[in-house]
Amino acid sequence: VPDRVDLHELRDTLETRDTQRLAAKNAAKAEAQRLMDARKYAECVAVLQRVDGNLRTPDIEAMLTGASANLARLERLQKTVDQAVRNNQLQGLLQRVDELLTLKSDATEADLELREKLIEREQTQKSQIKALLQKAKQLRKEVRFEEALELLQRVPDELQNNAITTAIEDLNFFAELRSGAI
């Protein structure tokens, strides 16, 4: 069989194309990793989706899945936080804001300000609850169980903690004992 130049050229062209595709895949993977580390999930997804399906390795698929999941979580959290702020439903929002800031690449001054306000609000609530518990203890010492109970029962459910629950249970017990003794 005579040496076929056209087949050699075709083989060389295919090898060059494969080398270029592999280099492009590796460059895309490196760029996607950089974007993922920078928490730019939408851009990461876009880069990885351009990689030819035949060249996608399990680690590229995993990165694509992770970036897509982070992007979806970021969008859901942003909507949840925005809606909670609009509706003034701030209880328990700090944890979501912290998660949002962890996922977000471009935290704004407003994001950071909201976080600080939520921290201040939480600290104020803790101080208020501590003061209520102290007042309830004082009323208990004065055998004013019903007043102490009323005071603690005014605390909204979402702010109640183990200390308040335990104090309410104790006060209920003492109030019942007292009413039974009378």
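Check the entry above for the structure.
Nothing here was measured: the structure is a model prediction, and the numbers come from that model. All chains use their own residue numbering, which begins from 1 and follows the written sequence. In keeping with the predicted nature of the model, local features appear solely for residues at pLDDT of at least 70, side-chain atom pairs appear and are counted solely at 80 or more, and the whole-chain, interface and lining totals rest on all residues. With hydrogens and water excluded, all non-hydrogen atoms of the structure serve as input to the side-chain values.

Draft legend 1. Expanded view of helix α3 (residues 58-86). To qualify as a helix, a DSSP run of H or I must reach at least 4 residues; to qualify as a strand, a run of E must reach at least 2; elements of each kind are numbered from the N terminus. Working rule for helices: expected span equals 1.5 Å times residues minus one. Between its first and last C-alpha, α3 extends 42 Å over 29 residues, near the 42 Å set by a 1.5 Å rise per residue. Relative accessibility thresholds used throughout: buried, under 20% of the residue-type maximum; exposed, over 50%; partly exposed, between the two (1.4 Å probe, protein chains only). Of all the residues in α3, the buried ones are Ile-60, Met-63, Leu-64, Ala-67, Leu-74, Leu-77, Val-81 and Ala-84. Check the buried side of α3 and you find it contacts α1 (5-37), α2 (41-49), α4 (93-103) and α5 (109-141). Of the residues trailing α3, Asn-88 is marked for its positive phi of about 55°. Whether two residues are in contact is decided by their heavy atoms, any of which lying within 4.5 Å being enough.

Draft legend 2. Quick peek at the nonpolar core. Definition of nonpolar core: a set of buried residues of the types Ala, Val, Leu, Ile, Met, Phe, Trp, Tyr and Cys, connected through side-chain atoms within 4.5 Å. With 27 residues, the main nonpolar core has Ala-32, Cys-44, Leu-48, Val-81, Leu-93, Val-97 and Leu-118 as its most contacted residues. Where this core is concerned, the elements lending two or more residues are α1, α2, α3, α4 and α5. Of the residues forming this core, the biggest block, 8 residues, is contributed by α3. Ala-32 has contacts with Cys-44, Val-47, Leu-48 and Met-63, leaving out every residue within four places of it along the chain. In this structure, Leu-133, Ala-148, Leu-149 and Val-155 belong to the second largest nonpolar core, which totals 16 residues.

Draft legend 3. Broad picture of the environment of Glu-15. Within the secondary structure layout, Glu-15 lies in helix α1. Separated by 51 residues in sequence, Glu-15 and Gly-66 place their C-alpha atoms 32 Å apart.

Draft legend 4. Representation of the packing of α5 against helix α6 (residues 145-153). Fitted lines through C-alpha atoms serve as axes, helices being fitted only where they are in contact, and the angles separating the N-to-C directions of these axes extend from 0 to 180 degrees. At a minimum axis separation of 8 Å, α5 and α6 run at an interaxial angle of 165°. The pairing of α5 with α6 is recorded here as roughly antiparallel in orientation. For the pair α5 and α6, the sense of crossing is left-handed. Between α5 and α6, the residues in contact are Leu-132, Leu-133, Lys-135, Ala-136, Leu-139 and Arg-140 and Phe-145, Glu-147, Ala-148, Leu-151 and Leu-152, respectively. Under the scheme applied, nonpolar residues are Ala, Val, Leu, Ile, Met, Phe, Trp, Tyr, Cys and Pro; charged residues are Asp, Glu, Lys and Arg; polar residues are all the others, including Gly. Grouping the amino acids of the contact of α5 with α6 by side-chain chemistry returns 8 nonpolar, no polar and 3 charged. Note on angle classes: values under 35 degrees are labelled roughly parallel, values over 145 roughly antiparallel, values of 65 to 115 roughly perpendicular, and the remainder oblique. Two helices crossing with the near one rotated counterclockwise from the far one by less than a right angle form a left-handed crossing, whereas a clockwise rotation gives a right-handed crossing.

Draft legend 5. Highlighting the packing of α1 against α3. Look at α1 against α3: their axes get within 11 Å of each other, and the N-to-C directions meet at 30°. By the angle between their axes, α1 is roughly parallel relative to α3. α1 and α3 meet at a crossing whose hand is left-handed. Note on element contacts: α3 touches α1 through Asp-59, Ile-60, Met-63, Gly-66, Ala-67 and Asn-70, opposite Lys-25, Lys-29, Ala-32, Gln-33 and Met-36. When grouped by side-chain class, the residues that make up the contact of α1 with α3 number 5 nonpolar, 3 polar and 3 charged.

Draft legend 6. Representation of the side chain of Asp-111 within the structure. Mapped onto the elements of the fold, Asp-111 is located in helix α5. Dropping the residues within four chain positions of it, Asp-111 is found in contact with Val-97, Leu-101, Lys-104 and Asp-106.

Draft legend 7. Quick look at the packing of aromatic side chains. Stacked, edge-to-face and tilted labels apply to pairs of Phe, Tyr and Trp rings (six-membered ring for Trp) whose centres lie within 6.5 Å, assigned for plane angles under 30 degrees, over 60, and everything in between, in that order. Evaluation of the coordinates by the stated rule reveals 2 aromatic pairs. Ring centres of Phe-145 and Phe-174 lie 5.5 Å apart, and the angle between their planes is 20°; on these two criteria the pair is classed as stacked. Here Phe-145 is found in helix α6, whereas its partner Phe-174 is found in helix α7 (residues 162-181), with 29 residues between them in sequence. The class for Phe-145 is buried, based on a relative accessible area of 10%. On the numbers, 5.5 Å between centres and 65° between planes, the contact of Phe-173 with Phe-174 is edge-to-face. What links up through ring pairs into an aromatic cluster is the set Phe-145, Phe-173 and Phe-174.

Draft legend 8. Representation of the environment of Asp-82 in the model. Looking at the secondary structure, you find Asp-82 in helix α3. Residue Asp-82 is classed as partly exposed on the basis of its relative accessible area, which comes to 35%. Put simply, Asp-82 and Leu-177 are 95 residues apart on the chain and 49 Å apart in space, counted from C-alpha to C-alpha.

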